[in-house]
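Commentary on secondary and tertiary structure
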Amino acid sequence: MNKIELIQKTKELNFQTGEYAVFGSALLCIWGIRDSKDIDIIVNKNLWERCLTSGEWTSGKALSGADKLEKENIEIFREWNPGKFDPNELIKSANIIEDVPFVDVKYLLEWKKLMGREKDISDIELIEGYLNK
C-alpha cells in the first residue's frame, strides 16, 4: 500500500482525531521510505469498545501478545507491546499528516528497537537515515 492508499483507508474508518493514532510501518510509508503491507492503529478505550461491539472487526492476538481487532489489512490495538507505552500519550502526542494522526517517530524507534526482528533492524536504519537528511 502506498501513501495515498494509506491515507484514504485510514480516513474511511471515520475515527475521530484524539481517539487514535497510526503506528508501525505506516510511518515509513507516509514519509515515502517504503510501502506498507498494513495499517496498525492504537486506539483509546472508548474507540476500542465501539469497534469490539460493532461486529465489523475480528478479534485476534498480535505476535507481541497484545489483543487486536482486524479487518482487511487494518489492525487496531488498545495497547502497544513490548514496552510500557501509554496509548493515551501516543494518541495525544501524535503528529497530524493530511488530517491523520501518526505516532511520534521517537516511539516508533523505541518500539522497533524493543522488537528487534530482522525487519525492525532494517526499518531502524531507514528511519535514522531519513531523520539524518
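1. So, the side chain of Lys112
- Following the sequence through the fold, Lys112 ends up in helix α5 (residues 105–115).
- The contact partners of Lys112, leaving out residues within four places of it in the chain, are Asp120, Asp123 and Ile124.

2. A word on the packing of α5 against helix α6 (residues 118–131)
- Packing of α5 against α6 leaves a shortest axis separation of 9 Å and a crossing angle of 150 degrees. Between α5 and α6, the crossing angle belongs to the class labelled roughly antiparallel. Along this stretch, α5 crosses α6, giving a crossing that reads as left-handed. Counted together, Val105, Leu108, Leu109, Trp111, Lys112, Lys113 and Met115 of α5 and Asp120, Asp123, Ile124, Ile127, Glu128 and Leu131 of α6 form the full contact between these two elements.

3. Regarding the confidence of the model for the protein
- Looking at the protein, the pLDDT average stands at 92 and 100% of residues meet or exceed 70.
- Of all helices and strands in the protein, the one with the weakest mean pLDDT is α5 (89), whereas strand β7 (residues 100–102) scores best (97).

4. Details of the pairing of strand β4 (residues 67–71)
- With 4 bridges joining them, strand β3 (residues 58–61) and β4 adopt antiparallel strand pairing. Across the sheet, the residue bridging to Ser59 is Leu69, located in β4.
- Where β3 folds back on β4, the antiparallel hairpin that results is connected by 5 residues, among which Gly65 adopts a positive phi of roughly 95 degrees.
- The pairing of β4 with strand β5 (residues 74–77) spans 4 bridges and is classified as antiparallel. What sits directly across from Glu70, in β5, is Glu75.
- Following β4, the chain reverses through 2 residues before pairing antiparallel with β5; Glu72 in that reversal takes a positive phi of roughly 50 degrees.

5. Here we look at α6
- For α6, spanning 14 residues, the distance from its first C-alpha to its last is 20 Å, which sits close to the expected 20 Å at 1.5 Å a residue.
- For α6, the complete set of buried residues consists of Asp120, Asp123, Ile124 and Ile127. Seen end-on, α6 carries its buried residues on one side only, within an arc spanning 110 degrees. Residues Glu118 and Glu125 are exposed on α6 and point more than 90 degrees away from its buried face.
- Looking at the buried positions of α6, the neighbouring elements they touch are α2 (26–30) and α5.

6. So, unusual backbone geometry
- With an omega of -10 degrees, the peptide bond running from Asn81 to Pro82 counts as cis.
- In this structure, Pro82 sits in the loop between β5 and α4 (87–92).
- Unusually for a residue other than glycine, Asn14 sits at a positive phi of about 60 degrees.
- When you line up the elements, Asn14 lands in the loop between α1 (3–12) and β1 (20–23).

7. Quick look at the packing of aromatic side chains
- With the rule as written, the count across this model stands at 9 aromatic pairs.
- Ring centres 4.9 Å apart and planes at 10 degrees place the aromatic pair Trp31 and Tyr130 in the stacked group. Within this pair, whereas Trp31 is found in the loop between α2 and β2 (39–43), its partner Tyr130 is found in helix α6, the two being separated by 99 residues in sequence.
- Cluster of aromatic residues (ring-pair linked, three or more members): Phe23, Phe77, Trp80, Phe85, Tyr107 and Trp111.

Conventions used here
Residues numbered from 1 in each chain as written. Predicted model: local features only at pLDDT ≥ 70, side-chain atom pairs only at ≥ 80, totals over all residues. Heavy atoms only, no water. Helix = DSSP H or I, 4+ residues; strand = E, 2+ residues; numbered from the N terminus. Contact = heavy atoms within 4.5 Å. Axes fitted to C-alpha atoms, helices over the stretch in contact; angles between N-to-C directions. Parallel < 35°, antiparallel > 145°, perpendicular 65-115°, else oblique. Left-handed = near helix turned anticlockwise from the far one by under 90°. pLDDT = per-residue confidence, 0-100. Pairing = 2+ DSSP bridges. Expected span 1.5 Å × (residues − 1). Buried < 20%, exposed > 50% of the residue type's maximum accessible area, 1.4 Å probe, protein only. Arc of directions from axis to C-beta. Phe/Tyr/Trp six-rings, centres within 6.5 Å; stacked < 30°, edge-to-face > 60°.

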